[in-house]
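Residue-level structure breakdown
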Amino acid sequence: MIDINAMLLCDTYKTVHNKMYDNRLTNLTSYLVPRKSMPAGQDHVVLFGVQAFVEEYMVEYFNKNFFKRDWTDLEREYRYIMDTQLGENNYAIDQVKELHDLGYLPLEIKALPEGSVVNMGVPVVSVTNTDPRFYWLTQWVECLMQSELWATCNYATIGHMYLKLAKKWYEKTADDSIDVRNAFSDFGMRGRFGVNDAVRCSASWLLSANKTSTIPALAYVDKYYDANVKINGIGQGAVSTEHSVICSRTAMGCDEETFLKKMLTELYPNTSFSFLGDSYDYWNVIDNILPRCKKEIMEHNGKLLIRPDSGDLAEICVETISKMWDMFGGSVNAKGYKVLDPHIGLILGDASTLKNLQIIWTRLEERGFAANNIIFGVGAFCFSAVFEGEKMIVNSRDTWGFALKSCYGEYRNDNGGITPIMIHKDPKTDKTNLKKSHKGMVLVTRNENGDFTVQDGYLNDNFPAESHTMELKFKDGKVCGRENNKFEQIRKRMYESKF
């Protein structure tokens with residue numbers, strides 16, 4: 001991201017609300033809530049990204065691009081941008097200067113444990129100010145927070161959808177000793193909205209999977225979640241060819257069979273790798289080249305994965321596995337399903353949608369094959385949209401309806417005391433109650449079924465904090481609770497969820 005005055009990381013109207021609030025206010029408390037699921041079959045969302053957000057932006061970015069910068073330069077930049085946006089005298093800057101003088105963000109952010117699988121309508125994050133002068137900061141942070149968190153939560157939820165589907169088929173057809181999180185890898189970096197989005201997408205995906213091809217995601221989860229990726233085996237990649245390799249070799253006089261044998265015996269004799277099979281004639285590779293390379297394949301100290309990349313991929317994958325069984329054999333597992341010889345397998349890196357995975361695993365099961373005969377590379381499109389039948393739902397903030405709304409406040413009354421107020425919206429034109437907000441402070445607990453429950457209507461002086469499931473994540477410029485949010489703990493929390 002471009003380095004810019006941190007107080008400009010918002011949209012236009014946030015810069016003027018500090019003039020509009022009643023200046024008697026001393027507190028605003030707001031809640032981030034996934035309000036409604038567009039995909040009817042996915043009524044829970046995975047919470048992920050809060051710890052990284054508060055450390056990267058609330059601490060690192062604000063320190064570098066606001067608190068540690070000279071005020072003269074900050075003011076010049078702020079006025080230049082806001083004069084262009086709104087015109088002189090249409091925005092306030094005194095409170096921005098006051099915040100700079102304070103030297104940290106006087107906010108308290110709490111959240112449900114990351115990795116929680118949360119039902120709709122449940123607040124996942126709370127934000128409140130800790131200094132009465134800066135009540136306006138609670139809602140100012142909305143744009144910055146939401147733009148970062150809806151995406152990581154959505155990506156983690158999509159990953160969880162893949163994991164649930166894989167669990168279903170692995171529990172039915174694969175040996176119990178096989179880690180279902182090896183069923184697929186993230187192949188999406190080139191198709192995301194820039195490097196930052198690719199990194200967050202893949203980090204979220206790694207809650208559900210052990211594998212990714214997005215290398216910087218490993219550094220991200222190590223830095224912000226103490227993932228210790230090397231020891232924990234998170235973020236595994238793979239050796240793989242691409243069309244430019246195969247086609248340039250061919251153009252220079254090396255046929256596919258010769259090159260495959262070279263990879264098996266010289267380049268990667270002790271390493272598993274994937275070989276792209278459809279640069280020219282996929283079925284020639286399967287029906288003719290593989291049999292002629294059988295000796296090298298069976299003597300190879302690793303697994304050769306063939307990758308189809310075009311055509312009717314569901315049909316091609318199932319037919320390929322059947323041919324590989326006839327060619328290389330294998331074993332029958334404890335559940336009675338066929339598993340290819342460990343030297344050979346299939347990887348699909350195109351059109352690995354949830355719908356296609358369901359079709360492929362269904363057809364494999366019908367032919368007596370275990371689900372783990374194929375692994376999937378999940379590309380960018382699969383993180384950009386989900387299907388419900390034939391309907392495509394675009395992945396956006398509205399997919400699970402994230403919104404940050406103020407629900408509670410306090411103001412200094414005429415007698416000098418503090419009066420609490422309950423804040424809520426309830427539009428009469430909203431017949432579905434989608435936009436009706438909670439009222440007052442909100443208590444989130446768990447019921448006996450594992451779902452989260454919500455009770456609102458509390459004031460600060462009667463809020464039962466000891467029952468609240470939210471944890472302190474940030475307060476007054478400092479990250480909190482990091483020791484309880486290591487990546488493996490978060491993965492385990494999500495993996496063991498019943499939803």
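The following refers to the structure shown. Given the structure is predicted, the values throughout are model-derived calculations rather than measurements.

The secondary structure content of the protein chain amounts to 17 helices and 22 strands. Here the protein chain holds 499 residues, and 54% of them are scored as buried. Contacts in the protein chain between residues at least 24 apart in sequence constitute 76% of all its contacts with a sequence separation of at least 6. Summed over its atoms, the accessible surface of the protein chain is roughly 21800 Å², and 49% of this surface lies on carbon and sulfur atoms. Both charge centroids of the protein chain, one from 58 positive and one from 65 negative side chains, sit 2 Å from each other.

Taking 1.5 Å per residue as the helical rise, helix 14 (residues 313-328) with its 16 residues ought to reach 22 Å, and the 22 Å between its terminal C-alpha atoms agrees with that figure. Within two residues after helix 14, glycine 329 carries a phi angle of roughly 70 degrees, on the positive side.

Approximately 740 Å³ is the volume attributed to the largest pocket. In this structure, the largest pocket is lined by 31 residues; those nearest its centre are Phe187, Arg190, Ser213, Arg307 and Gly349. Sorting the residues of the lining of the largest pocket by element identifies strand 9 (273-276) and helix 16 (380-384) as the ones contributing at least two each. When residues in the lining of the largest pocket are grouped by element, the largest group, three residues, is from helix 16. Looking at the lining of the largest pocket residue by residue, the classes come out as 11 nonpolar, 15 polar and five charged. Approximately 520 Å³ is the volume attributed to the second largest pocket. Looking at the second largest pocket, it is lined by 33 residues, and the ones nearest its centre are Asn182, Lys211, Lys303, Leu305 and Ile375. Counting only elements with at least two residues in the lining of the second largest pocket, the list comes to strand 6 (184-186), strand 7 (211-212), strand 9, strand 12 (338-340), strand 13 (344-348) and strand 14 (374-378). The dominant element in the lining of the second largest pocket, judged by the number of residues it contributes, is strand 13, at four residues. Within the lining of the second largest pocket, the residues separate by chemical class into 18 nonpolar, 11 polar and four charged.

With that settled, consider the sheet that holds strand 1 (residues 25-34). Read from one edge of the open sheet, seven strands run 18-17-1-5-3-21-22, paired in antiparallel fashion. Single-partner strands in this sheet number two, and they are strand 18 (418-422) and strand 22 (478-479). Here strand 1 pairs with strand 17 (residues 402-412) via nine bridges, running antiparallel. If you follow threonine 29 over to strand 17, its bridge partner there is tyrosine 408. Running at roughly 140 degrees to strand 17, helix 6 (residues 142-173) makes contact with strand 1, strand 3 (107-111), strand 5 (125-129) and strand 17 of the sheet.

We now examine the pairing of strand 13. Most of strand 13 is tucked away, with five of its five residues classed as buried. Burial along strand 13 is two-sided: Ile344, Leu346 and Leu348 and Gly345 and Ile347, pointing in opposite directions, are all buried. Pairing between strand 10 (residues 304-307) and strand 13: three bridges, direction parallel. Bridging from a neighbouring strand, leucine 305 pairs with glycine 345 of strand 13. As a crossover connection, the stretch from strand 13 through helix 15 (residues 354-366) into strand 14 is right-handed.

Moving on: the side chain of arginine 181. Note on placement: arginine 181 falls in the loop between helix 6 and strand 6. Not counting residues within four places of it along the chain, the set of residues in contact with arginine 181 comprises Leu163, Ser208, Ala209, Asn210, Lys211, Arg491 and Tyr495.

Quick look at the packing of aromatic side chains now. A ring pair, where both rings are aromatic, is described by two values, the distance of the centres and the angle of the planes. Taken as a whole, this structure holds 26 aromatic pairs when the rule is applied. Each ring, one from phenylalanine 66 and one from phenylalanine 67, has its centre 5.0 Å from the other, and the planes form 75 degrees; the classification is edge-to-face. Phenylalanine 67 shares its class with phenylalanine 66; the two are buried. Against the face of tyrosine 495 rests arginine 181, its NZ or CZ located 4.6 Å from the ring centre. We note lysine 338 situated over the ring of phenylalanine 369; from NZ or CZ to the ring centre the distance is 4.2 Å.

Here the focus is the pattern of salt bridges. Taken as a whole, this structure holds 32 salt bridges when the rule is applied. Measuring nitrogen to oxygen at the nearest pair gives 3.5 Å for the salt bridge that ties arginine 133 to glutamate 98. Taken together, the residues span a long stretch of sequence, with arginine 133 in the loop between strand 5 and helix 5 (137-140) and glutamate 98 in helix 4 (residues 94-102) at a distance of 35 residues. Owing to a relative accessible area of 38%, arginine 133 belongs among the partly exposed residues under this scheme.

Formed by 144 residues in total, the largest nonpolar core has its most connected members in Met58 and Trp361. Examining the composition of this core, we find that 15 residues originate from one element, helix 6, more than from any other. When sequence neighbours within four positions are dropped, the list of residues in contact with tryptophan 361 reads Leu165, Ala166, Trp169, Tyr170, Ala371, Ile374 and Phe376.

Another aspect to go through is the pairing of strand 21 (residues 471-475). Put simply, side chains in a regular strand alternate between the two faces of the sheet. Two elements, strand 3 and strand 21, share four bridges in a ladder whose sense is antiparallel. Residue lysine 110 lies in a different strand from strand 21, and its bridge partner there is leucine 472. Between the antiparallel neighbours strand 21 and strand 22 lie two residues, among them aspartate 476 with a positive phi of about 50 degrees.

Once that is clear, we can look at the packing of helix 6 against helix 15. Running from N to C, helix 6 and helix 15 point in directions that differ by 5 degrees, and their axes come no closer than 11 Å. The pairing of helix 6 with helix 15 is recorded here as roughly parallel in orientation. Residues Met161, Tyr162, Leu165, Ala166, Lys168, Trp169, Tyr170, Lys172 and Thr173 of helix 6 form the contact with helix 15, whose participating residues are Leu354, Leu357, Gln358, Trp361, Thr362 and Glu365. Looking at the contact of helix 6 with helix 15 residue by residue, the class counts come to nine nonpolar, three polar and three charged.

The rules behind the values
Residues numbered from 1 in each chain as written. Predicted model: local features only at pLDDT ≥ 70, side-chain atom pairs only at ≥ 80, totals over all residues. Heavy atoms only, no water. Helix = DSSP H or I, 4+ residues; strand = E, 2+ residues; numbered from the N terminus. Buried < 20%, exposed > 50% of the residue type's maximum accessible area, 1.4 Å probe, protein only. Contact = heavy atoms within 4.5 Å. Areas by Shrake-Rupley, 256 points an atom, 1.4 Å probe, with all protein chains shown as cover. Lys, Arg positive; Asp, Glu negative; His and termini not counted. Charge placed at Lys NZ, Arg CZ, Asp CG, Glu CD. Expected span 1.5 Å × (residues − 1). 1 Å grid on protein atoms, 1.4 Å probe; cavity = no way out; pocket = protein on both sides within 12 Å on 5 of 7 lines; lining within 4 Å. Points joined across faces, edges and corners; volume = space filled by probe spheres on them. Nonpolar A, V, L, I, M, F, W, Y, C, P; charged D, E, K, R; others polar. Pairing = 2+ DSSP bridges. Axes fitted to C-alpha atoms, helices over the stretch in contact; angles between N-to-C directions. Right-handed = clockwise from strand over helix to strand, strands pointing away. Phe/Tyr/Trp six-rings, centres within 6.5 Å; stacked < 30°, edge-to-face > 60°. Lys NZ or Arg CZ within 6 Å of the ring centre and 35° of its normal. Salt bridge = Lys/Arg side-chain N within 4 Å of Asp/Glu carboxyl O. Core = buried A, V, L, I, M, F, W, Y, C linked by side-chain atoms within 4.5 Å. Parallel < 35°, antiparallel > 145°, perpendicular 65-115°, else oblique.

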